[in-house]
Amino acid sequence: MTFESGVADRVRVVKSYEALSQLTAEQIANLLKANPYGRLGLPTGNTPRRCYEILAEWSSQGRLNWSKAKCFALDDYLEVEERFSFQHYLESNLYRFTDLPLDARFNPRQVDNYDQLILDQGGLDFCLLGIGDNGHIAFNEPPTPQESWTHCVWLSEETKQANRKSFESDSTVPTRAITMGISTLLSSRSLVLIASGKNKRKALHRALTGPPDKDLPASFLTTHPNLLVIADFDW
Ligand code: GLP
């Protein structure tokens, strides 16, 4: 097996989804403790659900202070009912259990220039990322070049299929989204990529072992000096 030098050292393989979620929640808790002003990029999807539940528990117990932090959704659907939006997901799974101020909950749909907003807020300290079966990160679908900032996208058929289960019918599955670009994500001071379940193995393996490639957007993450990958399977 060949892989980018040093990448293997940056992968933590844990035994279960629960262990992945605990470790990920600890990463976020440690960041907030070290830097209460932390600016976090946050994903949605199934993978971070349990991590957010743990963070919600710790927050409800008063063990985490979000009062000075800022959170930025990585992406969101366009033209979707509010209850299906990623902002709603983050509100209902995480934010409402925390003391994160209402004006510190950012979303790319809010502004014309999300990258400028992020810069004005001091830049991202930490980004949590999931990975799509086709190797997408946030909604950077293949092919997406490294030189991409926040932009609108048409979702791939594969991604629409993967998202279908959250919607009542084919016609209500969103076709468009807005997402931080690869350069937005790479500009974060640290990155944590989480992958759970064997169906993510192929994409993760290709991303970590091949050269950076626009046809596999997650592969660009290997160029980041401060990347941690947490997987609950042998990649
Ligand atoms: C979605 C999101 C990503 C997420 C990915 C994986 O399309 N835009 O941010 O990481 O798919 O989702 P899941 O964790 O449900 O597999």
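Residues numbered from 1 in each chain as written. Predicted model: local features only at pLDDT ≥ 70, side-chain atom pairs only at ≥ 80, totals over all residues. Heavy atoms only, no water.

### Observations regarding helix α3 (residues 86-93)
For α3, the complete set of buried residues consists of F86, Q87, Y89 and L90. For α3, the buried positions fall inside an angular range of 160 degrees around the axis, keeping them on one side. Tucked into the core, α3 has its buried residues touching β2 (39-42), α2 (49-60), β3 (70-73), β4 (75-77) and β5 (105-106). (Buried < 20%, exposed > 50% of the residue type's maximum accessible area, 1.4 Å probe, protein only. Helix = DSSP H or I, 4+ residues; strand = E, 2+ residues; numbered from the N terminus. Arc of directions from axis to C-beta. Contact = heavy atoms within 4.5 Å.)

### Details of the pattern of salt bridges
Applying the stated criterion across every chain, the model contains 13 salt bridges. R109 is the salt-bridge partner of E82, the closest N and O atoms lying 3.6 Å from each other. Residue E82 is located in the loop between β4 and α3, and its partner R109 is located in the loop between β5 and α4 (114-120); the two are separated by 27 residues in the primary sequence. Here E82 falls in the partly exposed class, since its relative accessible area comes to 46%. Judged by its relative accessible area of 31%, R109 falls in the partly exposed class. (Salt bridge = Lys/Arg side-chain N within 4 Å of Asp/Glu carboxyl O.)

### Observations concerning unusual backbone geometry
Here P142 and P143 are connected by a cis peptide whose omega angle stands at -5 degrees. With respect to the helices, strands and loops of the structure, P143 is situated in the loop between β6 (126-129) and β7 (151-154). Positive phi outside glycine occurs at E79, with the angle close to 50 degrees. In this structure E79 comes out as exposed when scored by relative accessible area, which is 60%. Within the chain, A138 stands out as a residue other than glycine whose phi angle is a positive 50 degrees. Along the chain, A138 falls in the loop between β6 and β7. By relative accessible area, which is 11% here, A138 ends up buried.

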